[in-house]
Amino acid sequence: MIVTHIVGARPNFMKAAPVFQALAGLGVSQRLVHTGQHYDVAMSGRHFDQLHLPVPDVNLNVGSGTHAQQTAAVMVGLEANLLAERPSMLLVYGDVNSTAAAAIVGAKLQIPVAHVEAGLRSFDRSMPEEVNRVITDGLSSLLFTPSADGDANLLREGVQASAIHRVGNVMVDSLVRCLPLANADHVLQEIGLSGRDPFVLVTLHRPSSVDDSTLLERLLESLGSLAHHIPVVFPVHPRTRDRIGNLDVGRIHLTEPTGYLEFLALQRDARLVITDSGGVQEETTYLNVPCLTVRDNTERPVTVSHGTNELVGRDPKRLLERARASLSSPRTSRAPIDLWDGHAAERIAAVIRTNLN
Ligand code: UD1
């Protein structure tokens, strides 16, 4: 009985690591397949080291491409591998192209697919991730949800209640484990800040925020205005770096993408986080750090109802107004979210072991 984990892109790694470790603790045989969707040290290799993920058994080396090219390359490479290895179950994570591609291959080879982070919906099919979520959930026989909205979405789509397991947020497991080691001193020192200086942390990488050059320019203007009052630290995803090109970034501190431990520390210590990422909305919620999300919708509504996250849409003026308002408001203490407790992976592993028998 072998369980094969499929990972491909940066946000998969912190979800897979605790599940891999929990299954190892139960003595389950496992293989790790990296699709190679992300391949740079900064986007992949360093995260593997920091999260203590083993070297993958296989790397499909699919690299970058259009959605169809990337998805198809994962499917072709993975099919050959799974036909040779015939695992008892495939474990897929999140909503990236590698996740949906793996779910299709697994379902067609009649290998049960288990989806970690199932049920999230933005109800916005212009997002590639939403398409990936719908495909993956539709083809999975075990669906591990992080919150009650996930269960409700799946039930509404006709998923059998017995296939849904609300286990909590597995990304929080990695966060809880790694937070004591989190440190961003060298990232801050390189841009002339010390750990005690207040700062705003920014991440933007979605096509909806960075692919329209006029919008990106106006977002950078707003962030540049903010940077006159408080340092703005912006670790730049390669896609965003490409889009920024020669645009004026004013006083914004652009840095390379950071490691996981560095990024956790930056989130923990930021006065405010501005993002279009899904995972960052959740991590700031756990850390009780105010977050402004530069999107019109979120597949993680619990972060908004909890009070840490606010959707500001893609209007740069509104972003600046809300950032100023947030920076001048005191921080409220909040109760933790149910099952975001650092033990989601143990719950997942227990269900998987039962289903392998
Ligand atoms: C992917 C996910 C997105 C996730 C993000 C996290 C999909 C559809 N999108 O988006 O949900 O939030 O990862 O980072 O799967 N590149 C490099 N080095 C790398 C990887 C990528 O330079 O290691 C560059 C390439 O120019 C590439 C671009 O980044 O074309 C985009 O990479 P891609 O994997 O297509 O999507 P992301 O934008 O990273």
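Here is what the cut-offs are and how they apply
- Residues numbered from 1 in each chain as written.
- Predicted model: local features only at pLDDT ≥ 70, side-chain atom pairs only at ≥ 80, totals over all residues.
- Heavy atoms only, no water.
- Domains from an automatic or database assignment.
- Contact = heavy atoms within 4.5 Å.
- Salt bridge = Lys/Arg side-chain N within 4 Å of Asp/Glu carboxyl O.
- Polar contact = N/O pair within 3.5 Å; in protein donor to acceptor, adjacent residues only side chain to side chain.
- Helix = DSSP H or I, 4+ residues; strand = E, 2+ residues; numbered from the N terminus.
- Nonpolar A, V, L, I, M, F, W, Y, C, P; charged D, E, K, R; others polar.
- Pairing = 2+ DSSP bridges.
- Axes fitted to C-alpha atoms, helices over the stretch in contact; angles between N-to-C directions.
- Phe/Tyr/Trp six-rings, centres within 6.5 Å; stacked < 30°, edge-to-face > 60°.
- Buried < 20%, exposed > 50% of the residue type's maximum accessible area, 1.4 Å probe, protein only.
- Expected span 1.5 Å × (residues − 1).
- Arc of directions from axis to C-beta.
- Near = heavy atom within 4 Å.
- Areas by Shrake-Rupley, 256 points an atom, 1.4 Å probe, with all protein chains shown as cover.
- Parallel < 35°, antiparallel > 145°, perpendicular 65-115°, else oblique.
- Left-handed = near helix turned anticlockwise from the far one by under 90°.

K.L.:
Go over the domain arrangement of the chain, please, and point to the residues and values.
P.N.:
Annotation of the chain at the domain level lists domain 1 (2–168 + 340–356) and domain 2 (181–327). Counting residues at the interface gives 23 residues for domain 1 and 20 residues for domain 2. On the surface where domain 1 and domain 2 come into contact, there are 3 salt bridges. Note that Glu299 is salt-bridged to Arg133, the shortest N-O span being 3.4 Å. Linking domain 1 to domain 2 there are 8 residue pairs in polar contact (both at pLDDT 80 or more). Of all the elements in the fold, those that place two or more residues in the side of domain 1 that touches domain 2 are helix H1 (10–25), helix H2 (41–50) and helix H5 (128–139). The biggest single contributor to the side of domain 1 that touches domain 2 is H2, with 5 residues. For the side of domain 1 that touches domain 2, the residue count by class is 7 nonpolar, 5 polar and 11 charged.

K.L.:
If you had to explain the sheet that holds strand S7 (residues 164–166) to someone new, which residues and values would you point to?
P.N.:
The strand order S3-S2-S1-S4-S5-S6-S7 describes an open sheet built from 7 strands, whose pairing is parallel. For this open sheet the edge positions go to strand S3 (58–59) and S7, each flanked by a neighbour on one side alone. Helix H6 (residues 148–156) rests against strand S6 (142–145) and S7 of the sheet, and its axis sits at about 170° to S7. Sheet strands touched by helix H16 (residues 344–356): strand S1 (2–7), strand S4 (89–93), strand S5 (113–116), S6 and S7. Its angle to S6, the strand with the most contacts, is close to 170°.

K.L.:
Quick rundown of the packing of aromatic side chains? Include the residues and the values.
P.N.:
Tallied over the entire structure, the rule returns 1 aromatic pair. Pairing Phe13 with Phe48 gives two aromatic rings, centres 5.0 Å apart and planes at 65°, and the pair type is edge-to-face. With Phe13 in helix H1 and Phe48 in helix H2, this pair connects stretches of sequence that are 35 residues apart. With a relative accessible area of 0%, Phe13 lands in the buried category. Exposure remark for Phe48: the relative accessible area of 6% places this residue in the buried category.

K.L.:
I'd like a description of the sheet that holds strand S13 (residues 309–311), backed by residues and values.
P.N.:
Each strand in a sheet pairs with its neighbour through backbone hydrogen bonds, running either in the same direction (parallel) or in the opposite one (antiparallel). With parallel pairing, the 6 strands of this open sheet are ordered in space as S10-S9-S8-S11-S12-S13. This sheet does not close on itself; its edge strands, each paired only once, are strand S10 (253–255) and S13. Direction aside, the axes of adjacent strands within the sheet are offset by 20° on average. Contacting strand S8 (200–203), strand S9 (232–235) and strand S11 (272–275), helix H12 (residues 260–269) crosses the sheet at an angle of about 130° to S8.

K.L.:
Give me H5: which residues, what numbers.
P.N.:
Between its first and last C-alpha atoms H5 spans 17 Å; for 12 residues at 1.5 Å apiece the expected length is 16 Å, and the two agree. Buried residues of H5: Glu129, Glu130, Asn132, Arg133, Thr136 and Asp137, and no others. Across the axial projection of H5, the buried residues extend over an arc of 160°, all falling on one side. Looking at the buried side of H5, the elements it contacts are S4, helix H4 (97–108), S5, S6 and H6.

K.L.:
Please give an account of the site of the ligand that cites residues and values.
P.N.:
The local shell around the ligand holds 19 residues, among which His38, Asp40, Asn97, Glu129 and His205 are the closest. Between the ligand and Tyr39, the relevant distance is 2.8 Å, taken from an oxygen atom to a main-chain nitrogen or oxygen of the residue. Asp40 has a polar side-chain atom sitting 2.8 Å from a nitrogen atom of the ligand. Its free accessible area being 740 Å², the ligand has 84% of it covered by the protein chains. Contributions of two or more residues to the shell around the ligand are made by H1, helix H3 (67–85), H5 and helix H11 (238–244). Across the shell around the ligand, the residue classes tally to 5 nonpolar, 9 polar and 5 charged. When we break the shell around the ligand down by domain, the ones giving at least three residues each are domain 1 (2–168 + 340–356) and domain 2 (181–327).

K.L.:
Break down the packing of H1 against H16 for me, citing the residues and quoting the values.
P.N.:
Following both chains from N to C, one finds H1 and H16 inclined at 55°, their axes separated by 8 Å at the closest point. Here H1 lies oblique to H16, going by the angle between them. The way H1 lies across H16 gives a crossing that is right-handed. Facing Pro18, Val19, Ala22 and Leu23 of H1, the residues of H16 in contact are Ala345, Glu346, Ile348, Ala349 and Ile352. Across the contact of H1 with H16, the residue classes tally to 8 nonpolar, no polar and 1 charged.

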